[in-house]
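# Survey of secondary and tertiary structure
Residue strings, one per chain:
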Amino acid sequence: MAEELWYYEKNGQQFGPVSQSELEALIERGEISREDLAWKPGEKDWSETGTFEMLVPSFKTPPKIKRTPPPPPPPPPVPTRTSEVTPPPAPPAAPPASSGPPPPPDAHHGQYPPRREKKPAWPSLLATLTRDPRTKLLAVIVVLLFVIVLLIWLLWPHDEPPETVATTNLHGTRVPVGYTGPVGQIKIDAYPHSELLSLTNSNGSVLAVPGSQTTPLVLLVPPDTYNIDLRGGSCDISVVAEQSRTCSKIVRAVDAATYYQEIGW
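The following paragraphs examine the structure supplied in this document. Just so it is clear, the model here is predicted, and its values are computed rather than measured.

## Some remarks on the nonpolar core
Counting 17 residues, the largest nonpolar core has I186, L199, L219, V221 and I228 as the members making the most contacts within it. Elements with a contribution of two residues or more to this core: β7 (184-191), β8 (196-200), β10 (217-221), β11 (224-230) and β12 (233-239). Not counting the four nearest positions on each side in its chain, V221 is found in contact with V175, P182, V183, G184, I186, L199, Y226 and V239. With eleven residues, the next largest nonpolar core counts W6, V18, I32 and F59 among its residues.

Structure follows, in structure tokens:
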């Protein structure tokens, strides 16, 4: 006759199935204690290993007997009149019936051990941390610092960095003509359109711009600070080698018909 199959739990992990003789050997070697849980087909739920009569002889130490204090003496009876009738005591309430579903079938004995869900450890850890008032104060300080840094970053003005362009990809009119050193790019645009009156560097020298002076213009100039004087506005721009800067101006508002008439359409 085949031995019954057992399942047991040790340190929160389930093991099995094992035969009863294997389980008894584990008990005799001290690998399973009386308080460890075990289950076999036919049982409703997990129980301590020391509660199974067929496994008790395998334990080397006798079970610990839990001594409970005797109940307190009943209170003295209250004197009543002879005409009063003492009602009989209410019967003890019946234990609630188990509402859990029976364990599903197993391939060996028609059942398998019910699953024991493990509770996550982080709620108890969080409760332990928040119990200390110093930990709460530190958490509040960290949150306030984070909010302050975020607000400073959002409200601080962010200058758009200039566009870096390789010298070989820069295009436009070289000013002054014939200059072969490092250059930066200036894009000059105006709405609806304008005319470049002068391009002056930091030394006060006015650079001659060949070709058309009507915007939009793209110029390649040596690294320096320039004043761009347009008809209807001006710009001050610092040019860095291999970088592109833009001068945009709205000189006056015109309608579409006037704009096309002025450009000769």
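## Side note on the environment of P222
Along the chain, P222 turns up in the loop between β10 and β11. A relative accessible area of 16% places P222 in the buried class. For the pair P222 and G181, spaced 41 residues apart in sequence, the C-alpha separation works out to 7.1 Å. With residues near it in sequence (within four places) discarded, P222 still touches V175, P176, Y179, P182 and V239.

## Notes on a nonpolar patch on the surface
Among the surface-exposed residues, V143, F146, V147, L150, L151, W153, L154 and L155 lie close enough to one another that they form a single nonpolar patch of about 870 Å² accessible area. Along the chain, the position of F146 falls in helix α3 (residues 133-155). With relative accessibility at 57%, the residue F146 sits in the exposed group.

## What about the sheet that holds strand β3 (residues 37-39)?
Across the sheet, which stays open at both edges, the four strands sit in the order β2-β1-β3-β4 with antiparallel pairing between neighbours. Both outer strands of the open sheet, β2 (13-19) and β4 (47-48), are each paired with one neighbouring strand and no more. Bridge count between strand β1 (residues 5-10) and β2: five bridges; the pairing is antiparallel. Across the sheet, residue Y8 finds its bridge partner in β2, namely F15. Here helix α1 (residues 20-28) sits on the sheet and contacts β1 and β2; the angle it forms with β2, its principal contact strand, is near 125°.

## A closer look at the state of the cysteines
As used here, a disulfide is simply a covalent bond connecting the sulfur atoms of two cysteines. With the rule as written, the count across this model stands at one disulfide. The partner cysteine of C235 in its disulfide is C247, sulfur to sulfur 2.0 Å. The sign of the S-S torsion, about 75°, decides the handedness of the disulfide formed by C235 and C247: right-handed. With a gap of twelve residues between them, C235 in strand β12 and C247 in strand β13 (residues 243-250) connect regions that are remote in the sequence. Taken individually, C235 and C247 each receive the classification buried, so the pair is uniform in this respect.

## Notes on the environment of V177
In this structure, V177 sits in the loop between β6 (173-174) and β7. Remark: the alpha-carbon pair of V177 and V221, spanning 44 residues in sequence, is separated by 9.6 Å.

## Some thoughts on the packing of aromatic side chains
In total, this model carries three aromatic pairs according to the counting rule given. Ring centres 5.0 Å apart and planes at 85° place the aromatic pair W6 and F52 in the edge-to-face group. Of this pair, W6 sits in strand β1 while F52 sits in the loop between β4 and α2 (122-131); the two residues are 46 residues apart in sequence, bridging distant segments of the chain. Residues Y8 and F15 carry aromatic rings whose centres are separated by 5.3 Å and whose planes lie at 20° to one another, so their mutual orientation is stacked. Its relative accessible area of 33% is what places F15 among the partly exposed residues.

## A few points about the side chain of K40
With respect to the helices and strands, K40 occurs in the loop between β3 and β4. The residues touching K40, leaving out its near neighbours within four places in the chain, are E4, L5, W6 and M54.

## A word on the sheet that holds β12
One open sheet accounts for four strands, arranged β9-β8-β11-β12; its pairing is antiparallel. The open sheet has two free edges, formed respectively by β9 (206-207) and β12, since each of these has just one partner strand. Two strands pair when backbone bridges link them, and β8 and β9 are joined in this way by two bridges, in the antiparallel orientation. If you follow L199 over to β9, its bridge partner there is L207.

Cut-off values and rules
- Residues numbered from 1 in each chain as written.
- Predicted model: local features only at pLDDT ≥ 70, side-chain atom pairs only at ≥ 80, totals over all residues.
- Heavy atoms only, no water.
- Core = buried A, V, L, I, M, F, W, Y, C linked by side-chain atoms within 4.5 Å.
- Buried < 20%, exposed > 50% of the residue type's maximum accessible area, 1.4 Å probe, protein only.
- Helix = DSSP H or I, 4+ residues; strand = E, 2+ residues; numbered from the N terminus.
- Contact = heavy atoms within 4.5 Å.
- Patch = residues over 30% accessible without salt bridge, like charges linked within 9 Å, V, L, I, M, F, W, Y side chains within 5 Å.
- Areas by Shrake-Rupley, 256 points an atom, 1.4 Å probe, with all protein chains shown as cover.
- Salt bridge = Lys/Arg side-chain N within 4 Å of Asp/Glu carboxyl O.
- Pairing = 2+ DSSP bridges.
- Axes fitted to C-alpha atoms, helices over the stretch in contact; angles between N-to-C directions.
- Disulfide = S-S within 2.5 Å.
- Phe/Tyr/Trp six-rings, centres within 6.5 Å; stacked < 30°, edge-to-face > 60°.

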